[in-house]
Every structure is written in C-alpha cells, then in structure tokens.
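The primary structure of each chain is shown beneath.
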Amino acid sequence: MSALTYTARAYVAIVAIVACLFSLQPGAQQKAATLDQLLKQVREAALQENQRNKAREAEFARNKARQAQLMEQARQERAQQEAISAQMEARFDENELQIAELADLLNKRLGSLKELFGVLQQAAGDARGNFDSSLTNIQYPDRGAFLTELVEKMSSTSQLASLEEIERLWFELQREMTESGKVSRFNTDVLAEGNEADTDVIRVGLFNIIADGKYLKYDFETEKVSELIRQPKPRFVNTAEELSVADSGLVKMGLDPTRGQLLGLLVEEPSWRERAWEQGGVIGRIIIFLGLFAFIVAVLRAIWLMLMSMKVAAQRRNLRSPNQGNPLGRVLQVYADNKNMDVESLELKMGEAVLREVPGLNRFNTLLKVIAVVAPLLGLLGTVTGMILTFQAITLFGTGDPKLMAGGISQALVTTMLGLCVAIPTVFLHALVAGRSKRIVELLEEQATGLVAEASQSQKG
C-alpha cells in the first residue's frame, strides 16, 4: 500500500468530517453527490463562517465602546451623588447643632413653665382616666377627645398648651367636682330587653344611674347604658322608684361609692329561692316539699280542730240535744242510747265512744312528728353529700380555686339550713295541733266521766 493511498484515505476522512459538520449548519439543504461538490460546499461553508465571525467581532467592538460609555456615565453619576451626600451630611450636622442650640434656648426661656406643663400633662392624663370611668361621661362625652389631644400635645417637645386649653382643663375638673354632688336628669340611649331607646334617666352624683325606678349600669368600654340583668333587693328598688317620681326635697337613696361594683355584687347575690332550690340540689328540694306538705297538713288540721272545738263548745252548752256533727254530740248520743244500763256497762260504752273519736282527732299528728324528725336527717344527708363533692373537687383540682369547692360547701350548708328550717316550725305546728286535739279528747273524757257519775248517782238514789 503506497503513501498516496494513505494520503487519499486521510483526505477522504477529513472531508467526511467537514461534511458532517456542514450538514449541521443551518444553510445545509442537500447532500453532496461527488467529492468535488463536497469540497465546494466545504469551501462555501468556511466562507460563510468567516463572514459570521467578522460580524460577531464588529458587534463585540461596538458593544465594548458602548459599555465603556455607560461605565463613564455611572462614574459621573456616582460622583454627583457623593457630592450631594456630602452636602446633606454637612446640612444634617448644621441642623443638629442648630436644634441643640434651639432646645437649650427653649429650656432657658421656659424656665419654671416646663415644670408647670409637666404637671399639666399629668393632670390631663389623670383626668382622662377618671372621666372615662365616671358616670358624668354619659352626659358629657366630648371631653375625652379634648383631654386626649391635650395629653398628646403636651407630650411633644415642639408644642405648648394655649391659655384657652389650660382654662378648659380647669373648667372640666371643676365641672366634674360640681356634678359629683348633683342629681341630674337628662336623656340618653338605654339598652333594655334587646332594644335601645332614648330614655329619661337620673344620675345620682357619681354613684348610681336609674330610669323608671330601675337601676342601670354604664359600660365604660363600649360607652353604653343598659338595664341590669336583675334588679337588687326591693328595699333598694323602692328608693329608686321614689327618686324617679320626686321633683324636689330629700329622698332616701342607696349609694354605691364604688361606681357600680357593690351594686353588681348585690345583683349577683343569689335569692332565697336560688339558694334553697338550686344550691340545695335534689335533697334540698325534697326537704322543701316535705316542709310545704307539713305546713299544709298542719294548717288544715288546725282549722279543722278549731271548727271542732267551736262545735264541741256549742254542744257543751246544750247537753240535752246531742248533735251527730261533732265528737261530743256523738258521745252524748251514746249516753242517751245506753243511760238505762248499769254503771259499769255504761262506763265501758262511754269509754268506747271516747276512744272511737280519738283517732280522728289525732289524725296526721304522727306524720307531722315524723317530718319534724326526718327533715334534719335529710339535711345531714345533704351535708355529707356536699362534703363528698367538695373533697372530690379538691382531689381533682386542688385548693387553688375556691369557686370549684363552693358548690359542694354550699349544698352542705344549705341542706342543713333547710332541714332545720323545716323541722323547727313543724315541731311547733305539731305541738299546736296535738295540744288542740288533746284538749278536745280531755273534754270528751271529762264529759263522759261526768255523765257516768250522774248516772251512778241516779241509780243509787
């Protein structure tokens, strides 16, 4: 194999590579059929590539010149901004010195007024806090904005209070002191039963506010006036009603010096019904039912025995005409039917007649006695139950919060109280009923014995 052959093969390989590269170019549309065509295409491709490279070099040169121009502009802009910054820093330093000099001059000229303005700021702030929680704020709501503006003005170092503002602050303080000792009547919106309406209200100093004989409350956060959910005890409501209809003169009035806190506690205080019915629990309700039942039975028995006593007293005045409508009349009827019997038999008949009347006269006496004994025992049961609930609360939550133990302790004390409140009156009622029935029985025995003695004397005679 000759050297020419190797040279030809190498040339062919190089041309093939160039042809492949050329086929990847965008302008390559067709394949070469001969080596001459392939060589021609390679030369044309090389020429085009050379032209494109020259165009790129020219574009790069133009961009380089433009970038140099932009860089020069940026340097000039930076130099200008640095000059402005230097001027601003110098101006800032001058202003700092001038502000310090002016502040010293202001302090020298203020002198004792500076302390006065400090006191004025403090007084305005305290007045704003007091006025916001005062009942007079309902009648004069615009003063809060003035005091807020004055406090903000006095807290700045560049503003001073005017003479008019100082005089108005004095006026507001004086008006608050004056209104604290007055009873004023004015109109305002009152929220009652979900509806808000303009209502004529009465403000008693800084203590209470009422309308139509009812106590109102003022919410300082929402600045709304509303009726209390529940009114206090009647003795307080009665004074409010008297004040509502009064035109002049002196009227008794319960005052709340805490601006509603004591009144709120009085309203939250449970009534006797709530204490007995809700706090007493199931055992408390059972004791109440027993007490009511014992009272009704005792009253009915007392009325019945009183009527029987009246009938027996009337029958006693007329022993010759027995009336079957009363115990003595029935005993006399037995005597009239058996007066011809011997004394011993008549005595037995009369004793039987008296004994026949005793159960009716002593009816329900035992029941009253049982209720008087059972009521304290039920109260003791409620006490034990309440203490168990208290110890369970202590076991679960500890002793940190007394409210968690209040329910059990309340039940323990309320049931004991209810048991005693039922037992003590029931004992007296039982004694009253038993004593009245006993007097009637003794009267029957007395009359029966007298009749037997009379019959014995008549038979001996």
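The structure contained in this document is the topic of the report that follows. (Residues numbered from 1 in each chain as written. Predicted model: local features only at pLDDT ≥ 70, side-chain atom pairs only at ≥ 80, totals over all residues. Heavy atoms only, no water.)

A word on the overall build of the protein
1) Next: Within the protein one finds 14 helices and 5 strands.
2) Next: Counting all 461 residues of the protein, 30% fall into the buried class.
3) Next: Sequence separation of at least 24 residues holds for 60% of the intrachain contacts in the protein that already meet a minimum separation of 6.
4) Next: For the protein, the accessible surface area stands at approximately 30700 Å², while carbon and sulfur atoms represent 60% of it. (Helix = DSSP H or I, 4+ residues; strand = E, 2+ residues; numbered from the N terminus. Buried < 20%, exposed > 50% of the residue type's maximum accessible area, 1.4 Å probe, protein only. Contact = heavy atoms within 4.5 Å. Areas by Shrake-Rupley, 256 points an atom, 1.4 Å probe, with all protein chains shown as cover.)

Considering the pattern of salt bridges
1) Next: Scanning all chains against the criterion turns up 13 salt bridges.
2) Next: Notably, a salt bridge pairs E176 with R143, separated by 3.0 Å at the nearest N-O pair. Highlighted residues: E176 in helix α6 (residues 163–179) and R143 in helix α5 (residues 143–155), separated in sequence by 33 residues. R143 matches E176 in its accessibility class, with the two residues each being buried.
3) Next: Ionic contacts of the salt-bridge type, sharing partners, join the residues R168, E172 and R175 into one network. (Salt bridge = Lys/Arg side-chain N within 4 Å of Asp/Glu carboxyl O.)

So, the sheet that holds strand β5 (residues 224–227)
Where strands meet in a sheet, backbone hydrogen bonds hold them as pairs that are either parallel or antiparallel.
1) Next: Taken in spatial order, the 5 strands close into a barrel running β1-β2-β3-β4-β5, and their pairing is mixed. Taking each pair of neighbouring strands and ignoring which way they run, the sheet shows an average axis angle of 50 degrees.
2) Next: Note that strand β1 (residues 183–192) and strand β2 (residues 195–204) share 10 bridges and pair antiparallel. Bridge pairing in β2 links V183 to V204.
3) Next: In this fold helix α7 (residues 234–245) packs onto β1, β2, β3 (208–211) and β4 (214–219), with an angle of close to 90 degrees to the strand it touches most, β4. (Pairing = 2+ DSSP bridges. Axes fitted to C-alpha atoms, helices over the stretch in contact; angles between N-to-C directions.)

Brief notes about the packing of aromatic side chains
1) Next: Throughout the structure, instances matching the rule amount to 0 aromatic pairs.
2) Next: Positioned above the aromatic ring of F146 is the side chain of R168, whose terminal nitrogen or guanidinium carbon lies 4.2 Å from the ring centre.
3) Next: Above the face of the Y140 ring, R175 is positioned so that its terminal group lies 3.9 Å from the ring centre. (Phe/Tyr/Trp six-rings, centres within 6.5 Å; stacked < 30°, edge-to-face > 60°. Lys NZ or Arg CZ within 6 Å of the ring centre and 35° of its normal.)

Here we look at the side chain of R143
1) Next: You can call R143 buried: its relative accessible area is 1%.
2) Next: One polar contact links the side chain of R143 to the main-chain carbonyl oxygen of Y140, over a distance of 3.5 Å.
3) Next: When neighbours within four sequence positions are excluded, R143 is seen to be in contact with F131, S134, T136, N137, R168, E172, R175 and E176. (Polar contact = N/O pair within 3.5 Å; in protein donor to acceptor, adjacent residues only side chain to side chain.)

As for the environment of V204
1) Next: Checked against the element boundaries, V204 lands in strand β2.
2) Next: Assessed through its relative accessible area of 8%, V204 is described here as buried.
3) Next: Apart from residues lying up to four places away in sequence, V204 is in contact with K182, V183, L243, M253 and L255.

Thoughts on the pairing of β5
1) Next: With 2 bridges connecting them, β1 and β5 associate as parallel partners. Across the sheet, the residue bridging to V190 is V225, located in β5.
2) Next: Summarising the sheet, β4 and β5 pair through 4 bridges and their orientation is antiparallel. Bridge pairing in β5 places K217 opposite S226.
3) Next: The turn linking β4 back onto β5 is made up of 4 residues, and E223 within it adopts a positive phi angle of 55 degrees.

Structural notes on the packing of α5 against α6
1) Next: Where α5 meets α6, the axes come as close as 11 Å, and the angle between the chain directions of the two elements is 135 degrees. Of the possible angle classes, the one that applies to α5 and α6 is oblique. You can see that α5 and α6 cross each other, and the crossing is left-handed. Seen from α5, the contacting residues are R143, F146, L147, L150 and K153; seen from α6, they are E165, R168, L169, E172, R175 and E176.
2) Next: Here the residues of the contact of α5 with α6 sort into 4 nonpolar, no polar and 7 charged. (Parallel < 35°, antiparallel > 145°, perpendicular 65-115°, else oblique. Left-handed = near helix turned anticlockwise from the far one by under 90°. Nonpolar A, V, L, I, M, F, W, Y, C, P; charged D, E, K, R; others polar.)

Some words on the environment of K438
1) Next: Residue placement: K438 occurs in helix α14 (residues 402–460).
2) Next: C-alpha separation for the pair K438 and L361, spaced 77 residues apart in sequence, amounts to 8.0 Å.

Remarks on unusual backbone geometry
1) Next: For F364, which is not glycine, the phi dihedral falls at a positive 70 degrees.
2) Next: Note that F364 resides in the loop between α12 (343–361) and α13 (365–397).

Structural notes on the nonpolar core
1) Next: With 37 residues, the main nonpolar core has V331, M350, I440 and L444 as its most contacted residues.
2) Next: Contributions of two or more residues to this core are made by α10 (281–317), α11 (327–337), α12, α13 and α14.
3) Next: Residue contributions to this core peak at 13 residues, all from α14.
4) Next: In this view, I440 contacts L305, M308, S309, V312 and L361; residues no more than four positions away in its chain are not counted.
5) Next: Counting residues in each nonpolar core, the second largest holds 12 residues, with F117, A127, L147 and L150 among its members. (Core = buried A, V, L, I, M, F, W, Y, C linked by side-chain atoms within 4.5 Å.)

Comments concerning α5
1) Next: Between its first and last C-alpha, α5 extends 18 Å over 13 residues, near the 18 Å set by a 1.5 Å rise per residue.
2) Next: Taken together, the buried positions of α5 are occupied by R143, G144, F146, L147, L150, V151, K153 and M154. (Expected span 1.5 Å × (residues − 1).)

Focus: the packing of α11 against α12
1) Next: Two numbers describe how α11 lies on α12: the axes approach to 9 Å, and their chain directions differ by 160 degrees. As the angle between them shows, α11 and α12 are arranged roughly antiparallel. For the crossing formed where α11 meets α12, the hand is right-handed. Only L346, K349, M350, A353, V354, R356, E357 and L361 of α12 make contact with α11, whose side of the interface consists of P327, R330, V331, V334 and Y335.

So yeah, pure geometry; function would need other evidence.
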